[in-house]
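Coordinate analysis (summary)
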Amino acid sequence: MFDTGLLQRVWHIWRNEGRAALIDRMRQRYRRTNVGMLLHPAMPKRSPGGCSGSSDLEYADRLKGELANFRNVQNVHGLPDIFHYWSQKYLLPKFVALNIPGVTELFVRYVADACRAKPGEMCHVASLGTGNCEAEVAMAEQLVASGITRFQLDCIEVNPQMLARGRALASSKQMLPYLKFVESDVKHWECDKQYSVIVANQSLHHFQDLEVLFGKVRLAIGHSGVFVVSDVIGRNGHMRWPEALEVVQEVWRTMPDRYKYNHLLSRYEPMYENWDCSVGGFEGIRAQDILPLLTHTFKFEMFLAYGNIIDIFIDRAFGHNFDAQVDVDRAFIDRIAQLDEELLAAGTIKPTHLIASMRNSSTMNRQVYRHFTPDFCLRFADSAGSIMKMG
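This one's a predicted model, so the numbers in the text were calculated from it and none came from an experiment. (Residues numbered from 1 in each chain as written. Predicted model: local features only at pLDDT ≥ 70, side-chain atom pairs only at ≥ 80, totals over all residues. Heavy atoms only, no water.)

1. Details of the overall build of the protein chain
Counting its secondary structure elements, the protein chain contains 14 helices and ten strands. Per-residue burial for the protein chain yields a buried fraction of 54% across its 391 residues. Counting contacts in the protein chain only where the partners sit at least 6 residues apart, residues at least 24 apart contribute 85% of the total. Per element, the accessible surface of the protein chain, about 17400 Å² overall, is 53% carbon and sulfur. (Helix = DSSP H or I, 4+ residues; strand = E, 2+ residues; numbered from the N terminus. Buried < 20%, exposed > 50% of the residue type's maximum accessible area, 1.4 Å probe, protein only. Contact = heavy atoms within 4.5 Å. Areas by Shrake-Rupley, 256 points an atom, 1.4 Å probe, with all protein chains shown as cover.)

2. Brief notes about empty space enclosed by the protein
For the coordinates displayed, the defined rule picks out two cavities of 30 Å³ or more. As a volume, the largest cavity reaches approximately 140 Å³. What lines the largest cavity is a set of 17 residues, among which Ile233, Gly234, Trp241, Pro351 and Arg379 lie closest to the centre. Residue contributions to the lining of the largest cavity peak at three residues, all from helix H11 (residues 287-297). (1 Å grid on protein atoms, 1.4 Å probe; cavity = no way out; pocket = protein on both sides within 12 Å on 5 of 7 lines; lining within 4 Å. Points joined across faces, edges and corners; volume = space filled by probe spheres on them.)

3. Remarks on the nonpolar core
Counting 104 residues, the largest nonpolar core has Ile198, Phe227, Phe313 and Ile333 as its most contacted members. In this structure Ile198 touches Ala126, Leu128, Trp189, Val217, Ala220, Ile221, Val226, Phe227 and Val228, once residues within four positions along its chain are discounted. (Core = buried A, V, L, I, M, F, W, Y, C linked by side-chain atoms within 4.5 Å.)

4. Regarding the packing of aromatic side chains
Counting across every chain of the model gives 18 aromatic pairs. For the pair Trp252 and Phe313, a centre-to-centre distance of 6.0 Å together with 40° between the ring planes defines the contact as tilted. Note that Trp252 is positioned in helix H10 (residues 242-254) and Phe313 in helix H12 (residues 310-314), a separation of 61 residues in sequence. Accessibility classification places Trp252 together with Phe313 in one group, the buried group. Following the ring pairs from residue to residue traces out a cluster consisting of Trp252, Tyr259, Tyr272, Phe313, Phe318, Phe322 and Phe332. The ring of Phe376 carries the charged tip of Lys350 above its face, separated from the ring centre by 4.2 Å. (Phe/Tyr/Trp six-rings, centres within 6.5 Å; stacked < 30°, edge-to-face > 60°. Lys NZ or Arg CZ within 6 Å of the ring centre and 35° of its normal.)

5. Concerning helix H5 (residues 81-97)
Its 17 residues place the ends of H5 24 Å apart at the C-alpha level, agreeing with the 24 Å of an ideal helix rising 1.5 Å per residue. The sharpest bend along H5 comes to roughly 45°, located at Leu91, with the proline Pro93 sitting one to four residues further on. The positive-phi residue at the C-terminal boundary of H5 is Asn99, with phi of around 60°. (Expected span 1.5 Å × (residues − 1). Bend = angle between axes of the 7 residues up to and from the residue.)

6. With respect to helix H8 (residues 160-172)
With 13 residues, H8 extends 18 Å from end C-alpha to end C-alpha; this agrees with the ideal 18 Å at 1.5 Å per step. All of the buried residues along H8 are Met162, Leu163, Gly166 and Ala170. The arc that holds every buried residue of H8, seen down its axis, measures 100°, which confines them to one face. For H8, the side-chain oxygen to backbone nitrogen distance between the N-cap and Gln161 is 3.0 Å, and the N-cap itself is Asn159. Gln174, located one to two residues past H8, shows a positive phi value of around 60°. (Arc of directions from axis to C-beta. Polar contact = N/O pair within 3.5 Å; in protein donor to acceptor, adjacent residues only side chain to side chain.)

7. What about the environment of Asp276?
Checked against the element boundaries, Asp276 lands in the loop between strand S7 (267-268) and H11. According to the relative accessible area criterion, Asp276 is partly exposed, its value standing at 25%. It is 9.4 Å that separates the C-alpha atoms of Asp276 and Arg240, two residues lying 36 residues apart in sequence. The residues touching Asp276, leaving out its near neighbours within four places in the chain, are Asn236, Gly237 and Met239. Of note is the side chain of Asp276, whose polar atom sits 2.6 Å from the side chain of Ser278.

8. What about the confidence of the model for the protein chain?
Chain-level pLDDT for the protein chain is 85 on average; 78% of the residues reach the 70-or-more range. Of the regions scoring below 50 in pLDDT, residues 29-53 engages in 51 contacts with residues more than four places distant in sequence or in other chains. Note that residues 384-391 has pLDDT below 50 and, in this model, 29 contacts with residues that lie over four places away or in other chains. (pLDDT = per-residue confidence, 0-100.)

9. Re the side chain of Glu157
Among the secondary structure elements, Glu157 is positioned in strand S2 (residues 151-157). Despite being buried, Glu157 has no salt bridge partner; Arg165 is the closest side chain of opposite charge, sitting 8.4 Å away. A distance of 3.3 Å separates a polar side-chain atom of Glu157 from the backbone nitrogen of Thr130. When residues no more than four places from it in sequence are discounted, the contact partners of Glu157 are Gly129, Thr130, Gly131, Met162, Leu163, Val182, Glu183 and Ser184. (Lys, Arg positive; Asp, Glu negative; His and termini not counted. Salt bridge = Lys/Arg side-chain N within 4 Å of Asp/Glu carboxyl O.)

This is how it looks when you write it as structure tokens:
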């Protein structure tokens, strides 16, 4: 299945000339148009006709679509088995290196630390864009199980149906005393207290007014609070940037047809479609602005960024085509994952996922994975490149 094309060239260089030669070839073919922006990033410019400056009418239309999209969605985080195969083999080592026990567990750790730092005081926590509140209820359960009960977790969510499901879940787990349900979008969220911890779990890429939100978070956490995030930071609408799309399309051309069925759209895709998921809603509406704005607004305490090309093959749309129990399917995912890791390490493509903690002031010992600093992981919209002609 890999007799021709990009993967053959990549693997030939990697196997016969080594990793350094591969990276050198890619760097020769990939040039950024504004090195200064990478070294000294500024806030993304707000476009009068773009997402960050859109009219109230457009915002209302998108909000209506977003509410409709998630009204009846009861499992927003379900993933195919092949995702878990990949995450255990390729993501878990990164978690271990940075002492990340798991995303929900990471949130719990920060809340527990904040509560223990001020014994006897109520610890105020907020979670932004909570959806059905599964993670928030799990956080409360873990905290209570560890003996920590003096906390209030505000669940901020614009969708009333999802909040209702969250309230029902909290009630069934006897966690209602610890959770407060706030129906609001971030644009109108009234932040009227100081929070020790604010978390965002796969929600920032749904928010259009990121500058407004991050300004509110900055004020809310003050000098001692922390902002903890797990989110998507790739191109808007979860599209691939040209340099990554090029690789995906080459893989698509050579891989078996049985891997090309889109389970979300119930259709076969002979060619991969670089679909903009933000059409008609807020899915990935300003994903590409998240990391630049976080870098501009906060100081990172812990930073992990990962993944890009592999996303397409392990996510909900196409991931169900792969059987984690079948050798040939695992081998395919392994080769894509290893290629993804090499291209990311070289800086040829940029990460699409982020787990990080931030504060308003600098910390003494910032934790990052290898050389994947925030600046290294930035990808600006005016960057361009191609890696197809390697040989």
